[in-house]
Amino acid sequence: MTNPLLLSVSLTLLILFHGSLASNHHQSQQQQLNKCQIDRLNALEPTNRVEYEAGVVETWDPNDDQFQCSGVAVARHTIHENGLLLPYYINAPQLIYVIQGEGLTATIIPGCPETFQSPQHGQHGGIFQDHHQQIRRFRAGDILVVPTGVAHWTYNDGDTPVIAVNFYDVSNDANQLDNNPRKFYLAGNPREEFQEQQGQQQQWWRLASRGKGQQEQQKRSCNNILCGFDQQILAEAFNVDESLIDKIQNDDDRRGGIIKVKGDLQMIKTPRSGRHSSQEESEYESESSKREPQMNGIEETICSVKLRENVGDRSRADIYTPGVGRLVTLNNDNLPILRSLKLSVERGDLQNRAIMAPHWNRNANSIIYGLEGSAQVQVVDNNGNSVFDGELRKGQILTVPQNFAVVKRATGQNFQWVAIKTNENAVIASLTGETSVLRAIPQEVLANAFKISNEEASRLKYSNQYQTTLSSGRRSSQMTADA
């Protein structure tokens, strides 16, 4: 028979435990919310630049108030021709937008089978099959998805540099460390890429060096994760000679995190975008997954998940107005992996001084990166204060917190942007247009709310006949010129 006193104590401890968890979760949420108490936004440029043998890594300061509010860190990678971005993983899920170029990439999901083979030449001239996970071809306009703690590498086999912007959602629940982006390289000798963390990491390094092998650790300058292990232990783990381990822990490697490949990588290559359409590429990936051996449900779900989608193709648009612009959205409906990452994407294009009408993001922060041209952007907070009224140009980033109202107008012939939003199904609420908030409010309510006549309220509701959030800026331009 169960002891009533013991049962009572157990229930009390259980309640206290769950209460403590809820309190800690609430405190964590409250700390994150307090970081959004900002009264001024800025269009931001990269603050740090690291040059490697075959490329450049530029980063934005993650300690800036805007990035602290959104919980996102950003980096831009430039990989020169025949350059290889060495395998690394990071403590946050990341979305990569390919601005320019094409090449090969692989996302190495732990525990998944090596279902692809590439012919390799052996030491004595023979040919053997190298087994590995799937290699995917990417092109400009692609969104590449990399889950938290999953390693990936990128190779530029094209004739032009690959330029990509990486968004790291460091405030994601999958990150159990802190809001500092921490890149863990599996090879090479990369430098610190997020400059503001150098002091913290150096302090951590000094503390770690106080233990066993202090002198050996202090002498070693190799920066990939294999460098921190004892050579003998690694040799036993890999079942190789210590001389080979000494090579992979190479202190003299000065190539950095992006290296020049000697010759060409001899491995399986998916069709190039120049010769095949994106539909054919998707069919290729689909057929590739069919060739994989039958596994249980976990492998079929995780190992064959779709990790790439193109949002740069002009033929693909969720919203399109001729001569005005287009919008493409990527969320958990058309790329299911985004459901677990709790992220979504918006790709926009405004033409001829067109306007994306005043709106707000109902359930997400928005991190906007300018791709081409420039736009006049205005952002308003909950007190009706303008927290940003300026130009957003190519290569700059602007963060718009959740529910802050924002309007964009192309200042030239064209403005293009990509925005990462911190919700897997981000939704906007527009102030003008057929499906807008004001359109759905009765005319008499508007007349009284704004202290205007019913006729003026009617014009306010129905003058903009565009069915979308995109509208022509010609009338606004004419009014500005007349003034």
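Residues numbered from 1 in each chain as written. Predicted model: local features only at pLDDT ≥ 70, side-chain atom pairs only at ≥ 80, totals over all residues. Heavy atoms only, no water.

Asker: Is there a simple way to explain the packing of helix α10 (residues 443–450) against helix α11 (residues 454–462) in this structure?
Answerer: It is at 8 Å that the axes of α10 and α11 come closest, and there the two elements cross at 110°. The angle between the axes of α10 and α11 places the two elements in the roughly perpendicular class. Here Q443, E444, L446, A447 and F450 of α10 lie close against α11, whose contacting residues are N454, A457, S458, L460 and K461. Residue composition of the contact of α10 with α11, grouped by class: 5 nonpolar, 3 polar and 2 charged. (Axes fitted to C-alpha atoms, helices over the stretch in contact; angles between N-to-C directions. Helix = DSSP H or I, 4+ residues; strand = E, 2+ residues; numbered from the N terminus. Parallel < 35°, antiparallel > 145°, perpendicular 65-115°, else oblique. Contact = heavy atoms within 4.5 Å. Nonpolar A, V, L, I, M, F, W, Y, C, P; charged D, E, K, R; others polar.)

Asker: How should I be thinking about the sheet that holds strand β10 (residues 142–146) in this particular structure?
Answerer: Whenever strands of a sheet pair, they do so through backbone hydrogen bonds, lying parallel or antiparallel. Ordered by their spatial adjacency, 7 strands build an open sheet running β1-β2-β3-β12-β5-β10-β15, and the pairing between neighbours is antiparallel. Looking at strand neighbours, the two that pair on one side only are β1 (48–52) and β15 (308–310), the edges of this open sheet. Strand after strand, the sheet turns through a mean of 20° between neighbouring axes, direction not considered. Bridge analysis of strand β2 (residues 55–59) against strand β3 (residues 73–79) gives 5 bridges, and the strand direction is antiparallel. Counterpart to V57 in the pairing with β3 is H77. (Pairing = 2+ DSSP bridges.)

Asker: Got a minute to help me understand the pattern of salt bridges in this structure?
Answerer: Side chains that differ in charge, positive against negative, can pair when their charged atoms come close. On inspection of all chains with the given rule, the structure shows 18 salt bridges. For R308, the salt bridge is made with D142, and the minimal N-O distance between the two is 3.2 Å. Separated by 166 residues along the polypeptide, R308 in strand β15 and D142 in strand β10 bring together distant segments of the chain. Of the two residues examined, R308 and D142, each falls in the buried class. Between R459 and E455 there is a salt bridge; the shortest N-O distance is 3.6 Å. You can see R459 and its partner E455 sitting in helix α11, 4 residues apart, about one turn around the helix. Residue classification places E455 among the exposed positions, given a relative accessible area of 56%. Each of the salt bridges in this network shares a partner with another, and the network as a whole consists of R49, E51, E58 and R76. (Salt bridge = Lys/Arg side-chain N within 4 Å of Asp/Glu carboxyl O. Buried < 20%, exposed > 50% of the residue type's maximum accessible area, 1.4 Å probe, protein only.)

Asker: Is there a simple way to think about the state of the cysteines in this case?
Answerer: Working definition: the covalent bond between the sulfur atoms of two cysteines is a disulfide. Inspection of every chain in the model, using the stated rule, returns 3 disulfides. A sulfur-sulfur separation of 1.7 Å characterises the disulfide bridge that pairs C222 with C227. Each member of the pair C222 and C227 is classed as buried. Sequence-ordered numbering of the bonded cysteines in the chain gives a disulfide pattern of 1-2, 3-6, 4-5. (Disulfide = S-S within 2.5 Å.)

Asker: Got a minute to help me understand the nonpolar core in this structure?
Answerer: Considering soluble globular proteins, one finds that nonpolar side chains tend to be buried as a cluster. Grouped together as the largest cluster of nonpolar side chains are 64 residues, with contacts concentrated most on V74, L95, I143, V145, F167, Y168 and Y369. Apart from the residues lying within four places of it in its own chain, the contact partners of V145 are Q94, L95, T107, L307, L335, I337, L338 and L341. Formed by 24 residues, the second largest nonpolar core is a distinct cluster that contains L41, A375, V377 and F388. (Core = buried A, V, L, I, M, F, W, Y, C linked by side-chain atoms within 4.5 Å.)

Asker: Just to check I follow, could you spell out the packing of aromatic side chains for this structure?
Answerer: Two descriptors summarise a pair of aromatic rings, namely the distance from one centre to the other and the angle between the planes of the rings. This model, assessed by the stated rule, comprises 5 aromatic pairs. Aromatic pair Y88 and Y185: ring centres 5.4 Å apart, planes at 40°, arrangement tilted. Taken together, the residues Y88 in strand β4 (residues 83–90) and Y185 in strand β13 (residues 183–185) connect sequence positions 97 residues apart. Note on accessibility: Y88 and Y185 belong to one class, buried. An angle of 5° between the planes, with centres 4.9 Å apart, marks the rings of Y89 and F184 as stacked. Of this pair, Y89 sits in strand β4 while F184 sits in strand β13, placing them 95 residues apart in sequence. On the basis of relative accessible area, Y89 is assigned to the partly exposed category, the value being 22%. (Phe/Tyr/Trp six-rings, centres within 6.5 Å; stacked < 30°, edge-to-face > 60°.)

Asker: Is there a simple way to explain a negative patch on the surface in this structure?
Answerer: On the surface, a cluster of negative charge is contributed by D230, E236, D241, E242 and D246. Residue placement: D246 occurs in helix α6 (residues 242–248). (Patch = residues over 30% accessible without salt bridge, like charges linked within 9 Å, V, L, I, M, F, W, Y side chains within 5 Å. Areas by Shrake-Rupley, 256 points an atom, 1.4 Å probe, with all protein chains shown as cover. Lys, Arg positive; Asp, Glu negative; His and termini not counted. Charge placed at Lys NZ, Arg CZ, Asp CG, Glu CD.)

Asker: Would you mind going over helix α5 (residues 231–238) with me for this structure?
Answerer: Residue pairs three or four apart in sequence face the same way in an α-helix, which turns once every 3.6 residues. Within α5, burial applies to Q231, L234 and A235. Take α5 and look down its axis: the buried residues cluster within an arc of 100°, on one side only. α5 presents I233, E236 and A237 as exposed residues on the side facing more than 90 degrees away from its buried surface. For α5, the elements touching its buried residues are α6. N-capping of α5 is provided by D230, with a side-chain oxygen placed 3.0 Å from the backbone N of Q232. Residue N239 follows α5 closely and has a positive phi angle near 60°. (Arc of directions from axis to C-beta. Polar contact = N/O pair within 3.5 Å; in protein donor to acceptor, adjacent residues only side chain to side chain.)

Asker: I'm lost on the confidence of the model for the chain in this one. Help?
Answerer: Any residue range with low pLDDT should be treated as having predicted coordinates unsuitable for detailed reading. On average, residues of the chain score 81 in pLDDT, and 73% of them reach the 70 mark or higher. In the model, residues 273–300 has pLDDT below 50 throughout and makes 37 contacts with residues more than four positions away in sequence or in other chains. pLDDT under 50 marks residues 476–483. Its contacts with residues more than four places away, or in other chains, come to 5 contacts. (pLDDT = per-residue confidence, 0-100.)

Asker: Whenever I open this one, unusual backbone geometry confuses me. Can you help?
Answerer: Although it is not a glycine, N239 sits at a positive phi angle of roughly 60°. Within the secondary structure layout, N239 lies in the loop between α5 and α6. Overall, the relative accessible area of 69% leaves N239 in the exposed class. One non-glycine residue, N403, adopts positive backbone phi at about 75°. Here N403 shows up in the loop between β22 (397–400) and β23 (405–421). Take N403: its relative accessible area is 43%, and that puts it in the partly exposed class.

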